[in-house]
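# Residue-level structural notes
Residue-level listing of the chains:
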Amino acid sequence: MTYAEVSNWARAQIPTFREKAQSFEDLRYLPSDTAKEMASAGLFRLLTPEYLGGLEVTPAEFSEILQLVSQGDASAGWCTMIADTAALVGAYLPEETARDVFSDPDVILAGIFAPMGKAVQDGKNYIVNGTWQWASGSMNCDWLSGGALIMEDGNPRLLPNGMPDSRMMIFSRSVVELIDTWHVAGLKGTGSGDMSVSNVAVPVERSVSLLIDKPVVESPLYVFPVFGLLALGIASVAIGNARAALDTVKELAKGKAAPGGRKTLVDRPVVQTEIAKAEATLRSARAFLAESVDQAWRAAQTTDTLSADTRADLRLSCTHATRVCADVCRVAYDLGGGSSVFLSNELQRRFRDAHTMTQHIMVSPAIYEQTGRIKLDLN
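Residues numbered from 1 in each chain as written. Predicted model: local features only at pLDDT ≥ 70, side-chain atom pairs only at ≥ 80, totals over all residues. Heavy atoms only, no water.

Glancing now at the nonpolar core. Counting residues in hydrophobic clusters, the biggest one holds 115 residues, and the most contacted among them are Phe62, Met81, Val128, Met169 and Phe171. With 15 residues, the single largest contributor to this core is helix 7 (residues 226-255). (Core = buried A, V, L, I, M, F, W, Y, C linked by side-chain atoms within 4.5 Å. Buried < 20%, exposed > 50% of the residue type's maximum accessible area, 1.4 Å probe, protein only. Helix = DSSP H or I, 4+ residues; strand = E, 2+ residues; numbered from the N terminus.)

Interaxial distance between helix 7 and helix 8 (residues 269-300) falls to 11 Å at its minimum, and their mutual angle equals 160°. Put simply, helix 7 runs roughly antiparallel to helix 8. Two packed elements cross with a definite hand, and for helix 7 against helix 8 that hand is left-handed. Between helix 7 and helix 8, the residues in contact are Leu232, Ala235, Ser236, Ile239, Ala242, Arg243, Leu246, Val249, Lys250 and Ala253 and Val271, Ile275, Ala278, Glu279, Leu282, Arg283, Arg286, Leu289 and Val293, respectively. (Axes fitted to C-alpha atoms, helices over the stretch in contact; angles between N-to-C directions. Parallel < 35°, antiparallel > 145°, perpendicular 65-115°, else oblique. Left-handed = near helix turned anticlockwise from the far one by under 90°. Contact = heavy atoms within 4.5 Å.)

Here we come to unusual backbone geometry. A positive phi angle, near 50°, is found at Glu56, a position not held by glycine. Mapped onto the elements, Glu56 comes out in the loop between helix 3 (32-40) and helix 4 (59-72). Phi at Asn199 is positive, roughly 50°, even though this residue is not glycine. Tracing the chain through its elements places Asn199 in strand 7 (residues 194-203). Of the residues examined, Asn199 reaches a relative accessible area of 54% and is grouped as exposed.

Looking at the secondary structure, you find Gln348 in helix 10 (residues 346-357). For Gln348, a relative accessible area of 9% puts it in the buried group.

On to the pattern of salt bridges. Considering all chains together, one arrives at 22 salt bridges under this definition. Here Asp165 makes a salt bridge to Arg157, at a shortest N to O gap of 2.9 Å. With its nearest N and O atoms 3.0 Å apart, the salt bridge here joins Arg350 to Glu346. Here Arg350 and its partner Glu346 are both found in helix 10, four residues apart, which amounts to about one turn of the helix. For Glu346, a relative accessible area of 14% translates into the label buried. A cluster of three or more residues bridged by salt bridges with shared partners is formed by Arg243, Asp247, Lys250, Glu279 and Arg283. (Salt bridge = Lys/Arg side-chain N within 4 Å of Asp/Glu carboxyl O.)

Here we come to the environment of Tyr92. By the element assignment, Tyr92 lies in the loop between helix 5 (74-86) and helix 6 (95-101). C-alpha separation for the pair Tyr92 and Met169, spaced 77 residues apart in sequence, amounts to 12 Å. Not counting chain neighbours up to four residues away, the residues in contact with Tyr92 comprise Val208, Leu210, Asp213, Lys214, Pro215, Val216, Tyr222 and Val226.

Here is the structure:
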């Protein structure tokens with residue numbers, strides 16, 4: 001399996017995912033047969049280390065494949081993004097443990113980085129309790145992971161820098177309760193309900209700290225910031241979704257009559273103008289993202305630590321792209337007219353999916369303030 005093969009498969013599946021998108025929404029998660037096809041095609045191995053059967057693609061290649069999948073359906077793209085970023089733990093786990101977790105080449109993981117759980121060390125295990133929100137793709141997983149605060153004497157253990165110590169705990173799907181809370185407006189097909197564990201023993205070696213642990217795999221991909229890859233994944237899904245929305249409304253405009261006349265929408269100057277502006281907006285955001293990813297990737301190939309400015313550019317471009325794409329989808333939705341309000345309309349779904357993505361903390365408005373402080377040398 002190569003990047004080119006996976007990319008070609010994803011491109012070929014765009015019409016199929018578009019046809020199935022409504023069924024994904026109705027089910028509220030990806031059907032198991034669809035998830036298995038995606039796994040067999042290599043979609044969930046993009047960021048997995050090569051020695052574990054992964055493709056270990058570049059960040060730019062990761063982004064490109066997510067954009068293709070999301071042109072078909074944003075929920076499918078989102079589940080791909082979550083599974084791939086969760087699989088980054090493979091680069092941090094001891095080899096024996098990693099080979100156990102990734103023994104099946106079509107294994108599917110999902111994870112929640114936020115430390116919503118708590119863990120107490122008991123000898124060679126952590127005893128973990130917790131409930132996590134946003135368990136995207138969990139219905140089809142073999143393994144699930146969740147961040148947990150390490151507790152000592154009833155209080156979070158602190159790192160040398162004073163921050164609470166938290167680790168990603170990796171569970172077999174069999175010990176996790178999935179709670180059906182996913183009744184939402186957008187990304188309805190991701191099955192992002194809650195998950196919960198109670199007094200589950202997790203071997204210490206099957207836990208990872210993304211704050212203090214170092215990757216055991218030497219590769220530029222694992223020098224690239226983990227949360228930068230997560231933000232990049234969100235932005236890439238947003239770009240693919242917006243690309244599809246814009247292409248859809250352009251086709252619609254060619255055949256839909258303008259209100260009060262016989263001419264089609266494409267003949268209206270306001271439609272021509274809005275399409276051109278949306279096209280420029282989307283492609284500009286994509287170009288800024290590609291530039292910042294290239295800058296960060298070149299740095300990752302030559303150094304162990306990326307500069308604050310490089311990290312800031314990466315996070316800024318991801319946030320900008322995600323939020324701009326929501327604006328593009330709004331334009332497409334508006335141009336679609338009254339038919340856009342129907343839930344069965346693709347523009348309706350693209351609009352809802354885009355605005356759901358903007359709610360992710362990795363691309364929240366707070367990122368503008370954080371990156372602005374770095375640009376102003378205030379940090």
